[in-house]
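Okay, here's what each chain looks like letter by letter:
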Amino acid sequence: MDTRGQRLLIYRPAPRLRRVAAVPLEGTPYGLAYDPNQNLIWVTNYNTDQVTPIQADGDATNFTVLPSLSGGDGPWGVAYDPVHNYVYVANSLDSSVSV
């Protein structure tokens, strides 16, 4: 995550660490969670109070930023629950959790 450059950096670890994409985002991206069932990356955007889903293709070479969702005040952390298919967002400025 590049919080100052407002982008999500994607790297492929093997055979050598290599950056394969830089996905531009609005706000200050901070938290990240991955949903392997839908191949979605969830990113919190602290300054815009939103959570942005990013769709990855099957081989993780192309990424599509989907419409952002409103979150709480200062979304910071995010977690994906594969059992219930929920995304939980920790909001730092109003001490709440959004589902």
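Right, let's walk through the structure included here. Just so you know, these numbers come straight off a predicted model, no measurement behind them. (Residues numbered from 1 in each chain as written. Predicted model: local features only at pLDDT ≥ 70, side-chain atom pairs only at ≥ 80, totals over all residues. Heavy atoms only, no water.)

Structural notes on the nonpolar core
In this structure, Leu8, Ile10, Ala21, Val23, Leu25, Ile41, Val43, Ile54, Ala56 and Phe63 together form the largest nonpolar core, which totals 10 residues. Looking at this core, the elements with two or more residues in it are strand E1 (7–12), strand E2 (18–24), strand E4 (40–45) and strand E5 (50–56). In this structure Ile41 touches Leu8, Ile10, Leu32, Ala33, Tyr34, Thr52, Pro53, Ile54 and Phe63, once residues within four positions along its chain are discounted. In terms of nonpolar packing, the next biggest core, distinct from the first, is built from eight residues, Ala33, Tyr80, Val87 and Val89 among them. (Core = buried A, V, L, I, M, F, W, Y, C linked by side-chain atoms within 4.5 Å. Buried < 20%, exposed > 50% of the residue type's maximum accessible area, 1.4 Å probe, protein only. Helix = DSSP H or I, 4+ residues; strand = E, 2+ residues; numbered from the N terminus. Contact = heavy atoms within 4.5 Å.)

Considerations on the pairing of strand E3 (residues 29–35)
Sheet topology places E3 next to E4; five bridges connect them, and they run antiparallel. Within E4, the residue paired with Tyr34 across the bridge is Ile41. Here E3 folds back onto E4 in antiparallel fashion, the turn holding four residues, of which Asn39 has a positive phi close to 55 degrees. (Pairing = 2+ DSSP bridges.)

Brief notes about the pairing of E1
The sheet contact formed by E1 and E2 spans six bridges and is antiparallel. Pairing of Ile10 across the sheet is with Ala21, part of E2. Where E1 hands over to E2, the hairpin turn is made up of five residues, counted between the paired strands.

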